[in-house]
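Structure at a glance
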Amino acid sequence: MTSPDLWPHQQRVFDLLMEGKNVVLQAPTGSGKTRAALYPFLYTLDDVGPYFGKFPSKCIYSVPMRILAKQFVSEYQQVVHKYNLRFGLNISTAIQTGEQPNDRTFSSNLIFATIDQTISSFLVAPYSLPKRRANINAGAVLASYLVFDEFHLFDPISTLPTTLQMLRMLKGVTPFVLMTATFSKDMLRELASLLDAEIVPSTPEEESALQKLPSQDKERYYHTAYTPMTADAILDNPRRRTLVICNTVDRARRLYDELRKHAPQDTTIRLLHSQFLPEDRNRIEDDIREKFGKGNQDDQPFIVISTQAIEVGIDMTCDILHTELAPANAIIQRAGRCARYEGNTGDVIIYGQAIEEGEIVDLWEHPAPYMSQAEEFRLTWEQFAARSGEKLEFTHEQDILSAVHGKRDRELLQQLHSTSFDHRRDMFSVMRGDPNYDPRHLIRDIAKQAITIHGDPDELLERPFDIPSFGLHPGTLQGYIKRWLAQANTLNLDWGVQYLVEQEDPDQAGRSLYHWERLRNEGDEKAAWGSRLIVINPALATYDEHQGFLPFRGNMPECPMQPLPENPKSAEGPTIRYRLETYEEHIHLVYEEFNRLWGEMQWAARQLERRFKWQEGSVRLAAELAVLLHDVGKLSRGWQNWVKDYQAAIGALTAKGQAYAHTDWDPRNPVHQEAARRAGKRPTHAVEGAIAVIHILQNQLGEDHPLVEAAFSAVCRHHTSHSSENQPFRLVNGAAQHVAAAMGSTDNLRLEGIDETIEGNAGADEFVAKPEDLEAYLPYWLIVRLLRLADQEGTARNTKG
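Here's what I pulled together on the structure shown here. (Residues numbered from 1 in each chain as written. Predicted model: local features only at pLDDT ≥ 70, side-chain atom pairs only at ≥ 80, totals over all residues. Heavy atoms only, no water.)

Residue pairs three or four apart in sequence face the same way in an α-helix, which turns once every 3.6 residues. Burial analysis of helix H23 (residues 706-716) places ten of its eleven residues in the buried class, which makes it a mostly covered element. Within H23, burial applies to Pro-706, Leu-707, Val-708, Ala-710, Ala-711, Phe-712, Ser-713, Ala-714, Val-715 and Cys-716. Residues of H23 that are buried make contact with helix H19 (618-629), helix H22 (686-701) and helix H25 (774-796). (Buried < 20%, exposed > 50% of the residue type's maximum accessible area, 1.4 Å probe, protein only. Helix = DSSP H or I, 4+ residues; strand = E, 2+ residues; numbered from the N terminus. Contact = heavy atoms within 4.5 Å.)

Here it is in structure tokens:
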């Protein structure tokens, strides 16, 4: 297929992907990288096109930092309309970042996510979900087309090597495109070799074609200033559209306040960073997109002050860019927002100093948040200072990148080879749920902790992650907490800061329970390290629609940070109110949902069968077995007796000879809560059920087939992500008949070998899939995702409201 509307490098990306190859794309800003990546995905969704069904139906588009998400959605819509990709209009799109968690389980067709969300999901330690649900998202990564934008900005110690190891594990199953503007050729060749991918452009002719694109006809002049970036410095260079980028949110806020005081009255000033509520961030983005968009001729002066949040994901241009010194790859990334379009001319001014705590400091000695790149700061300054006042083009920028980052690139390449085994071993440890391994050192050093503001935190406990929150680097947060605790003591507050703790046992509906722990004195702040949510007393901090989160301005008008409406895609899933449901009814509903969801996984199932040379349809069979047999553990005498005791306590009856999967349950009904307390802890059933059906799995799939471990693990872990221990159990009389009745039209599956009694720990670990054995572990991801989502949706259909 050749499209006359695609540029040559975009066409080349499409052709390679359709040939089953993966791509590393290097192209300058404004050259249509996003469209090159999205077009193949959207084109193959057309159900009358020649490539329908030959590519994943899900795409995860990852970027290195919090994104201005609406721009990506807008870009996707432009691709759909420009190329008349009619089916693309009907797909679901979502944003998944720490500050905008709109699709925690990666359920949409097209997800724009930050890289930490993608990698943590692959590591079975997703930032977006509680530990109990941690194994849901890995299957989505496996079954997607993966796009990694601006991957030169990935942290070289954590994010980049983890991404590369991930792609090597997924080889032959998951197609991908890596996109960059700023890696050296040596680095590109080595990465392509490691990943068995094709580089675009790959010839001098293709490189020349990129340089001749209309979008590259522009002029951009670079300047250095060995002074702090102040309001006076910005106002002394008046332009129609001015962009200012600070390295920290605190300095951006201070500069915004200065400019509001000193700028002419006809100048519009906007602040944008990651710590805004979604509706305010969207409003500011729309304003910037309109005023800084292509073709805008508004004469009113407009100044935007931002942070790294604006480096990726917004299509805009300015006449002048003021930026604090940063590593060369970040500077060039930022410069892509200046003189971006054909025929534009612009200036980039790089400031080598900043004001910290009232003192002027050199930024190469205070490189936050780039703490590990002080040497790159110094080299970047030297390179741009030597060219100050010059017009620099893409080739000049590449020379600067090689001079600044070449040494680290070479060291990184050596590290990728020398530490490959250790890095993969650590990844496997995190996947196993080993408590001694912190996933953050594999994801990125700038992982953030969520904080929110609320006067009565107990009101949040039912859905703690559905309240808007902001992310702060743990180190920054530790300093803030010290100040908040000191201020709380000065004000004699009952509490100043609390952190969320997940309790060991879930509630009757299987939802996680939480409580708050208070921090009382200075020095206690370390206890909050790693907590998934921290709440601040509104007397200590507040929020403003124009400035975002204000960490040290308390006692303001009521804070607008209230829980969002209940969302079925929230961290815990929808709140479920059960009705009494038989075992057969439940399996029937879950199996129907499984059939509905199968399309998402069909591509990956076929690729797994090809990679491991399995019989066609074998992954589907293993998934069906897991779904149909997942609740056999509920046919134990202990579980069924618990159901009868609970139903009696609420004044309801059970029928003789019936087996039940769920009781009546309303988490807000005090009678139900008291009955659950009196009935005691429910017997566990997931691992027990897997043990009971292991011989059925072996009979159906083959005794030594890796899919036995995959299906067994999915049944074991369809409620908790790392469970493998069982209680003794005995199945009720007639359990096999209940299983056969639940299977209905699938009763051709043989039920021989069901284990009706288990005494003691049965050693489930022997059959649990291990990360080191990808032949069992990868299909486990696929099957457990299908099972958990089908179980959730099937259960949701059995509700009172």
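A few words on the pattern of salt bridges. Summed over the entire model, instances satisfying the criterion amount to 34 salt bridges. For Glu-324, the salt bridge identified is with Arg-251, shortest N-O distance 2.8 Å. Of this pair, Glu-324 sits in strand S12 (residues 320-324) while Arg-251 sits in helix H10 (residues 249-262); the two residues are 73 residues apart in sequence, bridging distant segments of the chain. Between Glu-585 and Arg-579 there is a salt bridge whose closest N-O contact spans 3.9 Å. Here the salt bridges share partners, and the residues they tie into one network are Arg-251, Arg-254, Glu-324 and Glu-356. (Salt bridge = Lys/Arg side-chain N within 4 Å of Asp/Glu carboxyl O.)

Bringing the sheet that holds strand S15 (residues 449-453) into the picture now. The five strands lie next to each other as S16-S15-S19-S17-S18, forming an open sheet whose pairing is mixed. The sheet terminates laterally at strand S16 (470-472) and strand S18 (514-519), the two strands that pair on one side only. When strand polarity is set aside, the average angle formed by the axes of neighbouring strands in this sheet is 35 degrees. Summarising the sheet, S15 and S16 pair through three bridges and their orientation is antiparallel. Bridging from a neighbouring strand, Ile-451 pairs with Phe-470 of S16. Helix H17 (residues 474-491) contacts S15, S16, strand S17 (497-502), S18 and strand S19 (534-536) of the sheet and is inclined by roughly 30 degrees relative to S15. (Pairing = 2+ DSSP bridges. Axes fitted to C-alpha atoms, helices over the stretch in contact; angles between N-to-C directions.)

Turning our attention to the sheet that holds strand S5 (residues 145-148). Spatial ordering of the open sheet is given by S3-S4-S2-S5-S6-S1-S7, a layout of seven strands whose pairing is parallel. Each edge of the sheet is formed by a strand with only one pairing partner; in this case those strands are strand S3 (93-96) and strand S7 (198-200). For this sheet, the mean angle separating the axes of adjacent strands, direction not counted, is 15 degrees. Taken together, the four bridges between strand S1 (residues 23-26) and strand S6 (residues 176-180) define a ladder with parallel strand orientation. By the bridge assignment for S6, Gln-26 is matched with Thr-180.

Another point: unusual backbone geometry. A cis amide bond links Val-200 with the next residue in sequence, Pro-201, at an omega value of 0 degrees. Note the cis peptide between Ala-368 and Pro-369, where omega equals 5 degrees. You can see Pro-369 is positioned in the loop between strand S14 (359-362) and helix H13 (374-386). Positioned with a positive phi, Val-124 is a non-glycine residue whose angle comes to about 60 degrees.

Right, let's get into the environment of Cys-246. Residue placement: Cys-246 occurs in the loop between strand S9 (241-245) and H10. On the basis of relative accessibility, which here comes to 1%, the residue Cys-246 falls in the buried class. Measuring from C-alpha to C-alpha, the distance between Cys-246 and Thr-163 comes to 28 Å, with 83 residues separating the pair along the chain. When near neighbours in sequence (up to four residues on either side) are disregarded, Cys-246 contacts Met-229, Arg-251, Ala-252, Leu-255, Ile-305, Ser-306, Thr-307, Gln-308 and Glu-324.

This brings us to the packing of aromatic side chains. Throughout the structure, instances matching the rule amount to 30 aromatic pairs. The interplanar angle of 85 degrees and the centroid separation of 5.5 Å between the aromatic rings of Phe-292 and Phe-302 together place this pair among those described as edge-to-face. One end of the pair, Phe-292, is in the loop between helix H11 (278-291) and strand S11 (302-306); the other, Phe-302, is in strand S11, and ten residues separate them in sequence. Judged by relative accessible area, Phe-292 falls into the buried class, the value being 0%. A connected cluster of aromatic rings, assembled from ring pairs, spans Phe-14, Tyr-39, Tyr-43 and Tyr-51. Here the basic side chain of Arg-483 rests over the ring of Phe-552, its NZ or CZ set 3.6 Å away from the ring centre. Here the guanidinium or amino end of Arg-532 rests over the ring plane of Phe-465, the centre of that ring lying 4.1 Å away. (Phe/Tyr/Trp six-rings, centres within 6.5 Å; stacked < 30°, edge-to-face > 60°. Lys NZ or Arg CZ within 6 Å of the ring centre and 35° of its normal.)

Attention shifts here to helix H7 (residues 185-195). For H7, every residue scored as buried is listed here: Met-187, Leu-188, Leu-191, Ala-192 and Leu-195. Along H7, the residues classed as buried sweep out an arc of 130 degrees about the axis, all on the same side. Counted as exposed and oriented over 90 degrees from the buried face of H7: Asp-186 and Ser-193. Looking at the packing, one finds that the buried side of H7 touches S1, helix H6 (159-169), S6, S7 and helix H14 (394-418). (Arc of directions from axis to C-beta.)

A few words now on the pairing of strand S10 (residues 268-272). Among the five residues in S10, four count as buried, and that is most of the element. Each parallel crossover has a hand, and for S10 linked through H11 to S11 it is right-handed. (Right-handed = clockwise from strand over helix to strand, strands pointing away.)

Burial along S5 is two-sided: Tyr-145 and Val-147 and Leu-146 and Phe-148, pointing in opposite directions, are all buried. Note: strand S2 (residues 59-63) against S5, four bridges, orientation parallel. Residue pairing for S5: Ser-62 is matched across the bridge by Phe-148. Where S5 lies against S6, three bridges are found, and the strand directions are parallel. Of the residues in S6, the one forming a bridge with Phe-148 is Leu-178. For the crossover from S5 across H6 to S6, the handedness is right-handed.

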